[in-house]
Amino acid sequence: MMTVMGSTVEKIKVWFRFVPREGWFPQDTEGLWATRLGDGTARVHNAPFLQDGVAEGDVVRFRTDADGLHWAVGRVSSSGNCTIRVVPVPTGPLGRSPHAVYQRLSAFNLAGEVFSEDFPMVAFTAPAGADFVGIKALLQQGQEEGWWHYEVGCGTDEWWNA
């Protein structure tokens, strides 16, 4: 916990359960860092690598189990942010470099995290109000030119309509 201007901010890990996708990771849970807001809700603080339908900044409702784990039970509100996952093609011009992926997308100032050295997937947060048209065009160009594969883990109406 930390204190901010007289109030206590509690960081917690909120766990999400999902059905593993065929040909993907075998995990069926993912924990995301969040700030407890009270009344069983929390604001998510990182982009999910595996969980679809949630983005950094979204508010989720959770229940705490007997072991003290906080399990997400639904999204309360959207931040307007989107989650985009990018995996460089090992035999492509970027190789296995997440740094090269960041460089290609650097004009958009996207925040992101790398899954692991063994699997250099980058989970990006595209903030509400970003140049979604430009981001989508570059993601498509990169896929067509063999730089990467990508998917949208959480998109807003603004994203899909851009």
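From a predicted model like this one, the values you see are computed outputs, not experimental measurements.

Criteria and thresholds
Residues numbered from 1 in each chain as written. Predicted model: local features only at pLDDT ≥ 70, side-chain atom pairs only at ≥ 80, totals over all residues. Heavy atoms only, no water. Helix = DSSP H or I, 4+ residues; strand = E, 2+ residues; numbered from the N terminus. Rg over C-alpha atoms; globule rule 2.2 N^0.38 Å. Buried < 20%, exposed > 50% of the residue type's maximum accessible area, 1.4 Å probe, protein only. Areas by Shrake-Rupley, 256 points an atom, 1.4 Å probe, with all protein chains shown as cover. Lys, Arg positive; Asp, Glu negative; His and termini not counted. Charge placed at Lys NZ, Arg CZ, Asp CG, Glu CD. Salt bridge = Lys/Arg side-chain N within 4 Å of Asp/Glu carboxyl O. Phe/Tyr/Trp six-rings, centres within 6.5 Å; stacked < 30°, edge-to-face > 60°. Lys NZ or Arg CZ within 6 Å of the ring centre and 35° of its normal.

Take the overall build of the protein chain next. In terms of regular secondary structure, the protein chain is built from three helices and eleven strands. Along its sequence from the N terminus, the protein chain presents helices and strands in the succession β-β-β-β-β-β-β-β-α-β-β-α-β-α. Relative to the compact-globule value of 15 Å for 162 residues, the protein chain shows a C-alpha radius of gyration of 17 Å, a close match. Dimensions of the protein chain, computed from the C-alpha atoms along their principal axes, are close to 50 × 35 × 30 Å. Every one of the 162 residues in the protein chain was classed for burial, and the buried ones make up 41%. Summed over all atoms, the accessible surface of the protein chain reaches about 8,700 Å², with 52% contributed by carbon and sulfur. The centroid of the 13 positive side-chain charges in the protein chain is displaced by 4 Å from the centroid of its 19 negative side-chain charges.

Quick look at unusual backbone geometry now. Phi is mostly negative for residues that are not glycine, and the peptide bonds are mostly trans. Of note in the backbone geometry, Asp 39 takes a positive phi value of approximately 40° without being a glycine. For Asp 39, a relative accessible area of 64% gives the class exposed. A positive phi angle is found at Asn 109, which is not glycine, with a value near 50°. Relative to the assigned elements, Asn 109 resides in the loop between helix H1 (98-104) and strand E9 (111-114).

Under the definition given, this model contains four salt bridges. Two residues, Asp 52 and Arg 85, come together in a salt bridge whose shortest N-O distance is 2.8 Å. On the criterion of sequence distance, the pair formed by Asp 52 in the loop between strand E5 (41-44) and strand E6 (59-64) and Arg 85 in strand E8 (residues 82-88) is long-range, its members being 33 residues apart. We classify Asp 52 as partly exposed; its relative accessible area is 36%. Across the pair Asp 58 and Arg 75 runs a salt bridge whose closest N-O atoms are separated by 3.0 Å. Of the two residues, Asp 58 sits in the loop between E5 and E6 while Arg 75 sits in strand E7 (residues 70-77), which places them 17 residues apart along the sequence. A relative accessible area of 42% means that Arg 75 is categorised as partly exposed. Here the salt bridges share partners, and the residues they tie into one network are Asp 52, Arg 85 and Glu 151.

A word on the packing of aromatic side chains. Counted under the stated rule, the structure contains six aromatic pairs. Between Tyr 102 and Phe 124 the ring centres are 5.3 Å apart and the planes differ by 75°, which places this aromatic pair in the edge-to-face class. Here Phe 124 lies in strand E10 (residues 122-126) and Tyr 102 lies in helix H1, a separation of 22 residues in the sequence. The class for Tyr 102 is partly exposed, based on a relative accessible area of 25%. A connected cluster of aromatic rings, assembled from ring pairs, spans Phe 49, Phe 115 and Phe 119. Looking at Arg 17, its charged tip hangs above the ring of Trp 71, at a distance of 3.8 Å from the centre. Over the aromatic face of Trp 159 sits the side chain of Lys 136, whose NZ or CZ is 5.5 Å from the ring centroid.

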